[in-house]
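# Architecture and fold: a report
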Amino acid sequence: MARAGLTVDRLVAAAADLADEAGFENVSLSALARRFGVKDASLYSHVRNLNDLRTRLALHAGGELIDRIAAAVAGRAGQDALAAFAGAYRAYALDHPGRYAATQIRIEQALIADSPAMRRTAEITYGMLRAYGLDEPDLTDAVRLLRSTFHGYCALESTGGFGAARDVQASWDKAVEALHLALSHWPRERKNDD
């Protein structure tokens, strides 16, 4: 069989498309090989195994997500930046469900540290939160609050989990406003003055 011009970048891009079409859990080396019209073994000169492919996909999708967020928050601060950040996050999660699911997998810390996209994610997220006057360990706590709120909302929305008549966008806007209030009145970590 022909090599079909395979490269790591082409495989990851195809895996991203496959994830959005069929679901992240259905991304497999066999499915990707079929997409390129090659045997599974042809992929192993580009990726080590399925975990390697999925990790590369997660890093790729994470880069796409932070590119959207960075464009949305550019020149904004405070509540305006938070709303733009949240909106870009939600739009990506809903527009690219398979890629978004990939961003939720656990990745080795060494790979995260070596990833320009992941460093950029931390810089942009922490930069936005510093406008609220937060320092460590409050920054980490605030990041966890935002991520769990955004992810939970998007996961429920994408599966039709909100059945009440209330407009889903109106509830989202209220949630972002509530997050702004929480960040503005953050309970600061007390320092021991022994």
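What comes next concerns the included structure. (Residues numbered from 1 in each chain as written. Predicted model: local features only at pLDDT ≥ 70, side-chain atom pairs only at ≥ 80, totals over all residues. Heavy atoms only, no water.)

## With respect to the overall build of the protein chain
Within the protein chain, the regular secondary structure consists of nine helices and zero strands. Written out in order from the N terminus, the α and β elements of the protein chain read α-α-α-α-α-α-α-α-α. Each principal axis of the C-alpha atoms in the protein chain carries an extent, and together these give about 65 × 50 × 30 Å. Each of the 194 residues in the protein chain was classed as buried or not, and the buried ones make up 39%. For the protein chain, the share of sequence-separated contacts (at least 6 apart) that also reach a separation of at least 24 residues comes to 68%. Summed over all atoms, the accessible surface of the protein chain reaches about 10700 Å², with 52% contributed by carbon and sulfur. Positive and negative side-chain charges in the protein chain, numbering 23 and 25 respectively, have mean positions lying 5 Å apart. (Helix = DSSP H or I, 4+ residues; strand = E, 2+ residues; numbered from the N terminus. Buried < 20%, exposed > 50% of the residue type's maximum accessible area, 1.4 Å probe, protein only. Contact = heavy atoms within 4.5 Å. Areas by Shrake-Rupley, 256 points an atom, 1.4 Å probe, with all protein chains shown as cover. Lys, Arg positive; Asp, Glu negative; His and termini not counted. Charge placed at Lys NZ, Arg CZ, Asp CG, Glu CD.)

## A few points about the packing of aromatic side chains
A complete count under the given rule lists six aromatic pairs for this structure. Measuring from centroid to centroid gives 4.7 Å for Tyr-153 and Phe-162, while their planes differ by 40 degrees, and the two rings are tilted. A network of ring pairs unites the aromatic residues Phe-85, Tyr-89, Tyr-100, Phe-150, Tyr-153, Phe-162 and Trp-172 as a single cluster. The ring of Phe-24 has Arg-54 lying over it, and the distance from NZ or CZ to the ring centre is 5.1 Å. (Phe/Tyr/Trp six-rings, centres within 6.5 Å; stacked < 30°, edge-to-face > 60°. Lys NZ or Arg CZ within 6 Å of the ring centre and 35° of its normal.)

## Observations regarding the layout of surface pockets
Roughly 890 Å³ of volume is contained in the largest pocket. If you trace the largest pocket, you find 26 residues lining it, with Thr-103, Met-118, Thr-121, Val-143 and Arg-147 closest to the centre. Sorting the residues of the lining of the largest pocket by element identifies α3 (50-73), α4 (78-95), α6 (109-114), α7 (116-130) and α8 (138-158) as the ones contributing at least two each. In terms of residue count, the dominant contributor to the lining of the largest pocket is α8 (six residues). Along the lines of polarity and charge, the residues of the lining of the largest pocket split into 16 nonpolar, seven polar and three charged. (1 Å grid on protein atoms, 1.4 Å probe; cavity = no way out; pocket = protein on both sides within 12 Å on 5 of 7 lines; lining within 4 Å. Points joined across faces, edges and corners; volume = space filled by probe spheres on them. Nonpolar A, V, L, I, M, F, W, Y, C, P; charged D, E, K, R; others polar.)

## Comments concerning the nonpolar core
Residues Ile-69, Leu-82, Leu-129, Leu-134, Leu-146, Phe-150 and Leu-183 are the most contacted members of the largest nonpolar core, which totals 33 residues. Put simply, the parts of the chain that give this core at least two residues each are α3, α4, α7, α8 and α9 (168-184). A total of nine residues in this core trace back to one element, the largest contributor, which is α4. What Leu-146 contacts, discounting residues up to four positions off in sequence, is Leu-82, Met-128, Leu-129, Leu-179 and Leu-183. Membership of the second largest hydrophobic core comes to 25 residues, among which are Leu-11, Leu-32, Ala-117 and Met-118. (Core = buried A, V, L, I, M, F, W, Y, C linked by side-chain atoms within 4.5 Å.)

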